[in-house]
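This is what each chain is made of:
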Amino acid sequence: MLFSLGKPGVIQNACRQSKIGKHLPTALYVHVSALEALNPLLRLYEGCASRTIGRMEGATLVKFHIDKPQISYLFYPEFNSVAHPALESSMTIKLPDLKVTYGDYSIRKNPPILHRKETFVTPDYPFYEQFAELTRQEEIAGLLDRRHQIGTRQEWENCLAELGIEIREHSLYGDGAIAMTHGS
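Residues numbered from 1 in each chain as written. Predicted model: local features only at pLDDT ≥ 70, side-chain atom pairs only at ≥ 80, totals over all residues. Heavy atoms only, no water.

Some words on the side chain of glutamate 46
Step number 1: Positionally, glutamate 46 belongs in helix α2 (residues 40–52).
Step number 2: By relative accessible area, glutamate 46 is classed as buried at 5%.
Step number 3: Excluding its chain neighbours within four sequence positions, the residues that come into contact with glutamate 46 are Leu35, Arg55, Val62, Phe64, Ile71 and Tyr73. (Helix = DSSP H or I, 4+ residues; strand = E, 2+ residues; numbered from the N terminus. Buried < 20%, exposed > 50% of the residue type's maximum accessible area, 1.4 Å probe, protein only. Contact = heavy atoms within 4.5 Å.)

Written as structure tokens, this is what we have:
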């Protein structure tokens, strides 16, 4: 199994076939709590990286890059408590040469944020239902249709203000939220 990890396409196929995690065109994102539920090849792949270099302290998500042999660990300190938490730091391991790079997003005025948090975790995660309900409300309100306008904190806040929507805890409020969530 270990030798198969180096074959072209093995990790890409495992990522694309995963029923766990958030799928994007170039990556699969998985909450650290869901790692044990992954395909054995992906667990082994992440295990090689984390045992060789170490997993970033406090890592919230693991990003399996589909287009290149690397893994990133992402730290979202407010993952459970904030509806759309901001990325604070990252650690990327390039597996062929084990080169490690770090990113510090804590000083950025406009850091990347998360949406659809339930897609990162398994259904038995303690906040899964709360995350899924927020996503449902945001879909009904049309907020998530604006994919290219909501990836950072400022873009997201501008979008909410434009629609007259406010998020408190993990629920939508405001005129835009009421109209959209009640089928008007």
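Topic: the layout of surface pockets
Step number 1: Here the largest pocket is characterised by a volume of approximately 670 Å³.
Step number 2: Lining the largest pocket are 25 residues; nearest its centre among them are Lys22, Leu24, Tyr29, Ile113 and Gly151.
Step number 3: Those elements giving two or more residues to the lining of the largest pocket turn out to be β1 (22–24), β3 (61–65), β4 (70–75) and β5 (89–94).
Step number 4: Top element by residues in the lining of the largest pocket is β1. It accounts for 3 residues.
Step number 5: Tallied by class, residues from the lining of the largest pocket come to 12 nonpolar, 9 polar and 4 charged. (1 Å grid on protein atoms, 1.4 Å probe; cavity = no way out; pocket = protein on both sides within 12 Å on 5 of 7 lines; lining within 4 Å. Points joined across faces, edges and corners; volume = space filled by probe spheres on them. Nonpolar A, V, L, I, M, F, W, Y, C, P; charged D, E, K, R; others polar.)

Describing α2
Step number 1: For α2, which comprises 13 residues, the first-to-last C-alpha distance of 18 Å matches the rise-based estimate of 18 Å (1.5 Å per residue) to within 8%.
Step number 2: When α2 is considered as a whole, its buried residues turn out to be Leu41, Leu42, Tyr45, Glu46, Gly47, Ala49 and Ser50.
Step number 3: Buried residues along α2 sit against α1 (10–17), β2 (27–31), β3, β4 and β5.
Step number 4: The N-capping residue of α2, defined by a side-chain oxygen 2.6 Å from the backbone nitrogen of leucine 41, is asparagine 39. (Expected span 1.5 Å × (residues − 1). Polar contact = N/O pair within 3.5 Å; in protein donor to acceptor, adjacent residues only side chain to side chain.)

Let's talk about the pattern of salt bridges
Here the idea is simple: oppositely charged side chains can pair when their charged atoms come close.
Step number 1: The final tally for this structure, using the stated rule, is 5 salt bridges.
Step number 2: Linking glutamate 46 and arginine 55 is a salt bridge whose minimum nitrogen-to-oxygen distance equals 2.9 Å.
Step number 3: The shortest N-O distance in the salt bridge between arginine 116 and glutamate 139 comes to 2.6 Å. With arginine 116 in the loop between β6 (99–104) and α3 (128–140) and glutamate 139 in helix α3, this residue pair connects regions lying 23 residues apart in the sequence.
Step number 4: The partly exposed category is assigned to glutamate 139, whose relative accessible area is 40%. (Salt bridge = Lys/Arg side-chain N within 4 Å of Asp/Glu carboxyl O.)

Quick notes on the pairing of β5
Step number 1: Counting buried positions along β5 yields 5 of 6 residues, so the element is predominantly enclosed.
Step number 2: In this structure, β4 lies alongside β5, joined through 6 bridges in antiparallel fashion. Along β5, the bridge assignment pairs phenylalanine 75 with serine 89.
Step number 3: In this structure, β5 lies alongside β6, joined through 6 bridges in antiparallel fashion. (Pairing = 2+ DSSP bridges.)

Focus: the environment of proline 123
Step number 1: Summarising the element assignment, proline 123 is placed in the loop between β6 and α3.
Step number 2: The spatial distance from the C-alpha of proline 123 to the C-alpha of serine 33 is 11 Å, given a sequence separation of 90 residues.

Re the confidence of the model for the protein
Step number 1: Mean pLDDT over the protein: 90, with 91% of residues reaching 70 or higher.
Step number 2: Ignoring residues within four places in sequence, the model shows residues 179–184, a span with pLDDT below 50, making 5 contacts including any to other chains. (pLDDT = per-residue confidence, 0-100.)

Some details on the sheet that holds β2
Step number 1: An order of β1-β2-β3-β4-β5-β6 is seen for the 6 strands of this open sheet, with the pairing classed as antiparallel. One side of each edge strand has no neighbouring strand; the edge strands of this open sheet are β1 and β6. Each neighbouring strand pair of the sheet contributes to a mean axis angle of 20 degrees, computed without reference to strand direction.
Step number 2: The sheet contact formed by β1 and β2 spans 3 bridges and is antiparallel. Its bridge partner being in β2, lysine 22 is matched across the sheet by tyrosine 29.
Step number 3: Those strands touched by α2 are β2, β3, β4 and β5, and its axis lies near 75 degrees from that of β4. (Axes fitted to C-alpha atoms, helices over the stretch in contact; angles between N-to-C directions.)

A word on unusual backbone geometry
Step number 1: Even without being a glycine, arginine 116 presents a positive backbone phi close to 55 degrees.
Step number 2: The phi angle at glutamate 169 is positive, at roughly 55 degrees, despite the residue not being glycine.
Step number 3: The class for glutamate 169 is exposed, based on a relative accessible area of 67%.

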